[in-house]
Amino acid sequence: MIKFNIHRNLIDDLRAPVMLAAWPGMGSVGLGAVSYFRRHQKAVLIAEVDIRDYFSPDSVVVDQGIAKFPAAPSSKFYYLPDSSAIVLESEAQIGGEAGTLLMKKILDLVQNLGVQTIFTGAAFAMPVRQKERVKVFGVANDPKLRSSFRGYGVEIMKEGRISGMNGLLLGFAGMRDLEAGCLLATTPQYAPHIPNPKASHAIIHVFERILDTQVDSKEIEASIKEMDRTMTDIESKIRSAFANRDTSEDDESFLAIEEEKAPQYAMERIEKLFREVKASPTREMATKLKVELDKWKLFTLYEDRFLGLFRRKDDAGT
């Protein structure tokens, strides 16, 4: 059973018309935005969700020779008194029947707190480069909420799909006549696993407009500069490798690309190989991925993710 640990003394008289919610996702965009916004305002923890019965660990952690299961992911509710808003931050996406049950319980709780409108955040992977301006697209379950997006600098998402808890929330909130919208910030589709504070910052700006407030952006601006340096370094390594490539080993499609487009091309190839290795974790496929990473001098960047593909098998001792 999903249990809520509610701080009754804090919420008995609490009323908040808006909730911001986020779960882990591509580039940590949505969760990064909501968490940053909460951390840079006065926040009061008002409830926690106990989801241990639905948490299925796939490994144990070892500390000084002692093995134990990792802690179950947390889902916490906060109240922001200066913004009159509720914040939900969760460390895990839960699917299936448990996800449906959890969403219903979340909505039961926040409706009792007076929430009328809910916003979530996520990444919108597109064929863009890191240095391009981030755009924020919006999807709503209500025409009136959708119409308000343009006033916040949000473009309407014409079509597509929203998966996971973000999608469930829009659907189930609509069944209760609760307004709900998802804000999706554009990110380079060739770097889905690299945290993207630039995209998170764009969503934070929308939160500021919605709640008529401001948060200190110095910390996230420093993170953006660091990411820009990382991406510049990645692109430089790829361009250098591209310029010095052994053309006798390159396929026809590789020879046809322009040097300026080499970084996107290379990282898309890497992402494709990661998906193939995950689907078929053979030695041959792993070697192919390792060779590709070495070719672009990017193995150090991807090392943890590469090893993680095989960690479960190795840790089990098979």
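Note that the structure is predicted; figures quoted are calculated from it, not measured.

This part is about the packing of aromatic side chains. Throughout the structure, instances matching the rule amount to four aromatic pairs. Centroid distance phenylalanine 37 to phenylalanine 207: 5.7 Å. Interplanar angle 75°. Geometry classified as edge-to-face. A residue pair is termed long-range when its members are at least 10 positions apart, and phenylalanine 37 in helix 2 (residues 29-39) and phenylalanine 207 in helix 6 (residues 197-211) qualify at 170 residues. Across the pair, exposure class does not vary: phenylalanine 37 and phenylalanine 207 are buried alike. The ring of tyrosine 78 carries arginine 38 above its face, with NZ or CZ at 4.3 Å from the centroid. The residue whose ring lies beneath arginine 305 is phenylalanine 274, and the NZ or CZ to ring-centre distance is 4.0 Å.

Let us now look at the pattern of salt bridges. Applying the stated criterion across every chain, the model contains eleven salt bridges. Between aspartate 233 and lysine 237 there is a salt bridge, with its nearest N and O atoms 3.5 Å apart. Separated by four residues within a single helix, aspartate 233 and lysine 237 lie in helix 7 (residues 218-243), roughly one turn from each other. The partly exposed category is assigned to lysine 237, whose relative accessible area is 31%. Here aspartate 294 makes a salt bridge to lysine 290, at a shortest N to O gap of 2.6 Å. Of this pair, aspartate 294 and lysine 290 both sit in helix 10 (residues 283-295), four residues apart, which is roughly one turn of the helix. Residue classification places aspartate 294 among the partly exposed positions, given a relative accessible area of 39%. Judged by relative accessible area, which is 29%, lysine 290 ranks as partly exposed. What emerges from the salt-bridge pattern is a single network uniting Arg269, Glu292 and Lys295.

Let us look at the nonpolar core. Leu14, Met19, Ile46, Phe77, Ile86, Leu107 and Leu169 are the most contacted members of the largest nonpolar core, which totals 38 residues. Of all the elements, helix 3 (residues 96-112) adds the most residues to this core, at seven residues. Not counting chain neighbours up to four residues away, the residues in contact with leucine 107 comprise Ile118, Phe172, Ala173, Arg176 and Leu178. Among the nonpolar cores identified, the runner-up in size contains 33 residues, and Leu31, Ala85, Leu183 and Phe207 belong to it.

Cut-offs and rules
- Residues numbered from 1 in each chain as written.
- Predicted model: local features only at pLDDT ≥ 70, side-chain atom pairs only at ≥ 80, totals over all residues.
- Heavy atoms only, no water.
- Phe/Tyr/Trp six-rings, centres within 6.5 Å; stacked < 30°, edge-to-face > 60°.
- Helix = DSSP H or I, 4+ residues; strand = E, 2+ residues; numbered from the N terminus.
- Buried < 20%, exposed > 50% of the residue type's maximum accessible area, 1.4 Å probe, protein only.
- Lys NZ or Arg CZ within 6 Å of the ring centre and 35° of its normal.
- Salt bridge = Lys/Arg side-chain N within 4 Å of Asp/Glu carboxyl O.
- Core = buried A, V, L, I, M, F, W, Y, C linked by side-chain atoms within 4.5 Å.
- Contact = heavy atoms within 4.5 Å.

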